[in-house]
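Structural description and commentary
Here is how the chains run, residue by residue.
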2 protein chains.
Amino acid sequence: MNLRSSSDSGVAGLVEKLVAGDRRALAKSITLVESLRHDDQETAQRLTNAALPHAGRAIRVGLSGAPGVGKSTFIEALGTWLITAGRKVAVLAVDPSSQRSGGSILGDKTRMPELAQSPNAFIRPSPSGTTLGGVARRTRESIVLVEAAGFDVVIVETVGVGQSETAVADMVDVFTLLISPSGGDELQGMKRGIMELADIALVTKADGDLLHAANRTAAEYAAALHFMRPKFAGWHPEVALVSSPTRLGIPEYWAHVERFCATLQASGQWDEHRRLQRLAWFGTELREGLVAQLRERESVAGEIRELEKMVAGGQITPASAAGRILSKAFPKP
Amino acid sequence: MNLRSSSDSGVAGLVEKLVAGDRRALAKSITLVESLRHDDQETAQRLTNAALPHAGRAIRVGLSGAPGVGKSTFIEALGTWLITAGRKVAVLAVDPSSQRSGGSILGDKTRMPELAQSPNAFIRPSPSGTTLGGVARRTRESIVLVEAAGFDVVIVETVGVGQSETAVADMVDVFTLLISPSGGDELQGMKRGIMELADIALVTKADGDLLHAANRTAAEYAAALHFMRPKFAGWHPEVALVSSPTRLGIPEYWAHVERFCATLQASGQWDEHRRLQRLAWFGTELREGLVAQLRERESVAGEIRELEKMVAGGQITPASAAGRILSKAFPKP
């Protein structure tokens, strides 16, 4: 991307417009952050660091649920309600399988028509990417940018492919899991560990014919939660019901969210949680960069493949295989 | 450790004795593997690799539970029963907080007096170590050695400090969780994720006054399991009762274990599980070795600390901080 702002004054100018609420500047910034080009990535880093002091004041909400549970409908209902309550809402997405040309089903503005039209909303589809790590990194940087642009609620949605829920939980303050009213089977089939991620669980489509089933599912889920030690002291994960088309349960859901925030802020866990997320992300980036370094070194690339095969086949201990590669990659002088 | 066997012929001789069932050779080998000295570690690696072809044919059972649940009593009961059934039983332990001089409470022979006396049993306390990774590595290598020495059931126990259950689950075939009959509170307080690790859960002390409570706890646990997607296709984690002093439930427990093994072997998951464990361990060793490399480089050691502080404080993005360190540690020519 040819950007006059690749110079420091260019970056500063772009950040200035961003903070002033210029939507084109925001879109331009996020496009830069999502670019796969190496020179763009360097500029993007400078841009994100320059925006960082202006960020941090939003509530970051993670959202996941099986396809068909009603995520887009929920985001439309929640987002429009929040805007009438005076908030500015950004919607981002993490979907590692997304192809830019085809479009991800997440962050699809046609499914959130009212929200998409509001000047106080900003919806962005998932960045493309072949690895979850790459997509997650770009999304985290986009969070910084939308916050610097003044959005005070940032929703990050994911559809539950691979480890994407964990990646989203690691970048938000409060994680909400949407569950369909059919409950039972879905709860049993739920990926290991996903239930434990939720700070608030919401059973959708709790109206009409499905209201009875929704209540039963909520009770089952609450029973399962009984056995899980909470993520945060003082907060017991809650299950609520919502009917997005009627807006039933939306204000109550947000009251849950605000109570969660107040609880964590009062005990210092809010800041601590964000601090730990930053440090964990730092460690991940470091380790992935180190492994990439290793794979770039021709001298060891072939050896890694060979030894990995031997490890898989039980012909050499994993520890000694790793030791051999490290000695070769970093010979003692 | 001054070992004439540090030469290749010495190592080969030691392995020969090990495989022949020489207990002194086994003890010597494990002591070598547990040694923190660098030259011993090189010899230990050669020794473990030489023993590897003779290993792999045991059933590896992981065992955990809160202090006081009756682990030692259970191991004594199970171990002695297995020996009368013709097995040879090794008992290892993972306890990262153990101090060699003080002795870990795990692998304490005085609590397993009958087993400790049997020539067909081998009990070893946890290796010392300050990091879980170091202790886990030595225990994995000890598993290879006891298997090469002919032990066909290897029990690895842990007391549940930090991530030690996960470390043990990652090195065994079947993970058993012991639960006390008081149930309720304990299940609620259980560390996140531990319940999901169990392939078989056992409620202990299921006799006399506590039998009623034990049954109730078993039912509660089974209800919780209902919501968790199983680790392996075709195996639904089971809850059983055991009363170690009366040996009630011991044969039934082992029948569960054998059914588990048969199920996984029939579906190919047994070998696949072990293969994935080896590869995961390889990745862990590689990454830890790489990070160690980084911390050894004076040029970046100070920088890492400085940037880590800035990341924690939200003054720089984690991705760009990691990028800076990597560029400095691995400058492009």
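Since this is a predicted model, take the numbers as computed values, not measurements.

1. Let's talk about the domain arrangement of chain A
One can read the domain layout of chain A as domain 1 (1–54), domain 2 (55–266) and domain 3 (277–329). Each of domain 1 of chain A and domain 3 of chain A was reduced to a C-alpha centroid, and the two centroids are 34 Å apart.

2. Some remarks on the sheet that holds strand S2 (residues 89–94) of chain B
Residue and element names in this part refer to chain B. Across the sheet, seven strands lie side by side as S3-S2-S4-S1-S5-S6-S7; this open sheet has parallel pairing. Of all the strands in the sheet, the pair left with one neighbour each is strand S3 (121–123) and strand S7 (238–241). Here the strands of the sheet are splayed against their neighbours by 20 degrees on average, with no regard to which way each runs. Where strand S1 (residues 59–64) lies against strand S5 (residues 174–179), four bridges are found, and the strand directions are parallel.

3. Here we look at the pattern of salt bridges
Residues and elements named next belong to chain B. According to the stated counting rule, one finds 24 salt bridges over all chains in the structure shown. Between Asp-173 and Arg-274 there is a salt bridge, with the nearest N and O atoms lying 2.7 Å from each other. Here Arg-274 lies in helix H12 (residues 269–296) and Asp-173 lies in the loop between helix H7 (164–169) and S5, a separation of 101 residues in the sequence. On the basis of relative accessible area, Asp-173 is assigned to the buried category, the value being 2%. By relative accessible area, Arg-274 is classed as buried at 7%.

4. Quick word on the relation of the copies chain A and chain B
The transformation that overlays chain A on chain B combines an axial shift of 0.0 Å with a rotation of 180 degrees, and the residual RMSD is 0.0 Å. Read as a symmetry element, the transformation amounts to a two-fold axis. In terms of proximity to the rotation axis, the leading residue of chain A is Ala224(A), whose C-alpha is 2.8 Å off the axis. Most of the interface of chain A is mirrored in chain B: 100% of its interface residues are interface residues there too.

5. Here's the deal with the sheet that holds strand S1 (residues 59–64) of chain A
All names here are of chain A. Ordered by their spatial adjacency, seven strands build an open sheet running S3-S2-S4-S1-S5-S6-S7, and the pairing between neighbours is parallel. The open sheet has two edge strands, strand S3 (121–123) and strand S7 (238–241), and neither has a second partner. Neighbour-to-neighbour, the strand axes of this sheet turn through a mean angle of 20 degrees, independent of strand direction. Taken strand by strand, helix H6 (residues 132–148) contacts S1, strand S2 (89–94), S3 and strand S4 (153–158), and its axis lies near 170 degrees from that of S2.

6. As for helix H13 (residues 298–312) of chain A
Compared with the 21 Å implied by 1.5 Å per residue over 15 residues, the 22 Å span of H13(A) between its first and last C-alpha is a close match. Looking at H13(A), one finds that the buried residues are Val300(A), Ala301(A), Ile304(A), Leu307(A), Val311(A) and Ala312(A). Of the surrounding elements, those touching the buried residues of H13(A) are helix H12 (269–296) and helix H14 (318–329) of chain A together with H12 of chain B.

7. What about the packing of H14(A) against H12(B)?
H12(B) packs onto H14(A) with a crossing angle of 40 degrees between their chain directions and a minimal axis gap of 8 Å. As H14(A) runs across H12(B), the sense of the crossing is right-handed. Contacts between H14(A) and H12(B) involve Pro318(A), Ala319(A), Ala321(A), Ala322(A), Ile325(A) and Leu326(A) on the former and, on the latter, Arg278(B), Trp281(B), Phe282(B), Glu285(B), Leu286(B), Gly289(B) and Leu290(B). For the contact of H14(A) with H12(B), the per-class residue count stands at 10 nonpolar, one polar and two charged.

8. What to know about unusual backbone geometry
Among all residues save glycine, negative phi is the norm, and among peptide bonds the norm is trans. In this model, Lys205(A) sits at a positive phi of 55 degrees, which is unusual for a non-glycine residue. Its place among the elements puts Lys205(A) in the loop between strand S6 (200–203) and helix H10 (211–225).

9. Quick notes on the interface of chain A and chain B
Each side of the interface is counted separately: chain A has 54 residues, and chain B has 54 residues. Taken together, chain A and chain B are joined by zero salt bridges. Counting across the chain A and chain B interface gives eight residue pairs in polar contact (both at pLDDT 80 or more). Take the side of chain A that touches chain B: its biggest share by element is 13 residues, from H12(A). Here the side of chain A that touches chain B is composed, by residue class, of 26 nonpolar, 14 polar and 14 charged.

Cut-off values and rules
Residues numbered from 1 in each chain as written. Chains lettered and ligands numbered in written order. Predicted model: local features only at pLDDT ≥ 70, side-chain atom pairs only at ≥ 80, totals over all residues. Heavy atoms only, no water. Domains from an automatic or database assignment. Pairing = 2+ DSSP bridges. Helix = DSSP H or I, 4+ residues; strand = E, 2+ residues; numbered from the N terminus. Axes fitted to C-alpha atoms, helices over the stretch in contact; angles between N-to-C directions. Salt bridge = Lys/Arg side-chain N within 4 Å of Asp/Glu carboxyl O. Buried < 20%, exposed > 50% of the residue type's maximum accessible area, 1.4 Å probe, protein only. Least-squares fit on C-alpha atoms with pLDDT ≥ 70 in both. Contact = heavy atoms within 4.5 Å. Expected span 1.5 Å × (residues − 1). Left-handed = near helix turned anticlockwise from the far one by under 90°. Nonpolar A, V, L, I, M, F, W, Y, C, P; charged D, E, K, R; others polar. Polar contact = N/O pair within 3.5 Å; in protein donor to acceptor, adjacent residues only side chain to side chain.

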